[in-house]
Amino acid sequence: MIPLLILGLLKQNPGSYGYELLALMEERHYKYIVNFTKGSFYYNLQQLEEKQYIERIDQLDNIRETHNYIITELGDKEFEKLMYKHGSKTDYINLSFYAAMLFANEYKSEELTKLIEIQIEQTKKKISLLEQSLEHNETIPSYFRRMLENSRSHHLVNVQWFEGLLKDVRNEN
């Protein structure tokens, strides 16, 4: 999915350089959509260039040379294919916490309590980040704003669910 994100960002921001694209992905919290690292981002950027989906245009800045990128005609076709491929999927989003919950009865309740508290804390942090993005970023497209709002709604429901689990575990003791 990283190639789709890079190609899409280049369609929105032609002539951007690699770090600029990576910063946009981080600023827009794309990590909630796909897992990526700096290394995986640059690997995919290099692969897109090798496949001639993007073209590097070296520019001389006042201070240094930058490697800016534009999407090619071939890249536009790949973008269309990736949009359909990923846009037509209805995969489930799995939380690894669910796998751990399968064996909750085999785990010490005080340790299970800690795990649930960690989930609550992490989920509240995600909600806070999403709310910051929604409050302070007027440049995000309306459909992406809707996605962030939907994600926030899901996380709010998850916090309620985690809090219910926590109450159940505490009541069993």
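Everything below is about the structure printed above this text.
Residues numbered from 1 in each chain as written. Predicted model: local features only at pLDDT ≥ 70, side-chain atom pairs only at ≥ 80, totals over all residues. Heavy atoms only, no water.

K.L.:
So what's going on with the overall build of the protein chain? Residues and values would help.
P.N.:
Looking only at helices and strands, the protein chain features 7 helices and 3 strands. The secondary structure elements of the protein chain, listed N-terminal to C-terminal, are α-β-α-α-β-β-α-α-α-α. Against the 2.2 N^0.38 benchmark of 16 Å for 173 residues, the protein chain shows a C-alpha radius of gyration of 20 Å, more extended than a compact globule. If one aligns the C-alpha atoms of the protein chain with their principal axes, the spans along those axes are about 65 × 30 × 30 Å. Expressed as a percentage of contacts within the protein chain between residues at least 6 apart in sequence, the contacts between residues at least 24 apart total 58%. Carbon and sulfur atoms form 50% of the exposed surface of the protein chain, whose accessible area is close to 11,800 Å². (Helix = DSSP H or I, 4+ residues; strand = E, 2+ residues; numbered from the N terminus. Rg over C-alpha atoms; globule rule 2.2 N^0.38 Å. Contact = heavy atoms within 4.5 Å. Areas by Shrake-Rupley, 256 points an atom, 1.4 Å probe, with all protein chains shown as cover.)

K.L.:
How would you summarise the packing of helix α1 (residues 2–12) against helix α3 (residues 38–50) if you had to cite specific residues and measurements?
P.N.:
The N-to-C vectors of α1 and α3 enclose an angle of 70°; their axes lie 9 Å apart at closest approach. One finds that α1 runs roughly perpendicular with respect to α3. Together, I2, P3, I6 and L7 of α1 and S40, F41, N44, L45 and L48 of α3 make up the contact between the two elements. Of the residues contributing to the contact of α1 with α3, the split by class is 7 nonpolar, 2 polar and no charged. (Axes fitted to C-alpha atoms, helices over the stretch in contact; angles between N-to-C directions. Parallel < 35°, antiparallel > 145°, perpendicular 65-115°, else oblique. Nonpolar A, V, L, I, M, F, W, Y, C, P; charged D, E, K, R; others polar.)

K.L.:
Tell me about the pairing of strand β3 (residues 65–71), and name the residues and values.
P.N.:
Taken together, the 2 bridges between strand β1 (residues 16–17) and β3 define a ladder with antiparallel strand orientation. Bridge pairing links S16 to Y69 in β3. (Pairing = 2+ DSSP bridges.)

K.L.:
Explain the packing of α1 against helix α2 (residues 18–27) to me, and be specific about the residues and the numbers.
P.N.:
Direction vectors running N to C along α1 and α2 enclose 105°, while the axes themselves pass 10 Å from each other. Comparing the axis directions of α1 and α2 gives the class roughly perpendicular. Contacts from L5, I6, L9 and L10 of α1 reach α2 at L21, L24 and M25. Of the residues contributing to the contact of α1 with α2, the split by class is 7 nonpolar, no polar and no charged.

K.L.:
Any chance you could break down the pattern of salt bridges for me, citing the residues and the numbers?
P.N.:
Scanning the model with the defined rule gives 7 salt bridges in all. Residue R56 pairs with D58 through a salt bridge whose shortest N-O separation is 3.2 Å. The partner of K124 in a salt bridge is E163, with the nearest N and O atoms 3.9 Å apart. One end of the pair, K124, is in helix α6 (residues 109–136); the other, E163, is in helix α7 (residues 142–172), and 39 residues separate them in sequence. For K124, a relative accessible area of 44% translates into the label partly exposed. (Salt bridge = Lys/Arg side-chain N within 4 Å of Asp/Glu carboxyl O. Buried < 20%, exposed > 50% of the residue type's maximum accessible area, 1.4 Å probe, protein only.)

K.L.:
Can you explain the nonpolar core? Please cite residues and give values.
P.N.:
For soluble globular proteins, the rule of thumb is that nonpolar side chains tend to be buried together. Within the largest apolar cluster, 28 residues are counted, with the highest numbers of intra-cluster contacts made by I6 and L7. Among the elements that take part in this core, α1 stands out by supplying 7 residues, more than any other. Non-local contacts of L7, meaning those with residues more than four positions away in its chain, are made with L48, Y53, I54, I71, G75, E78, F79 and L82. By size, the runner-up hydrophobic cluster in this structure holds 9 residues, among which are L112, I116, F162 and L166. (Core = buried A, V, L, I, M, F, W, Y, C linked by side-chain atoms within 4.5 Å.)

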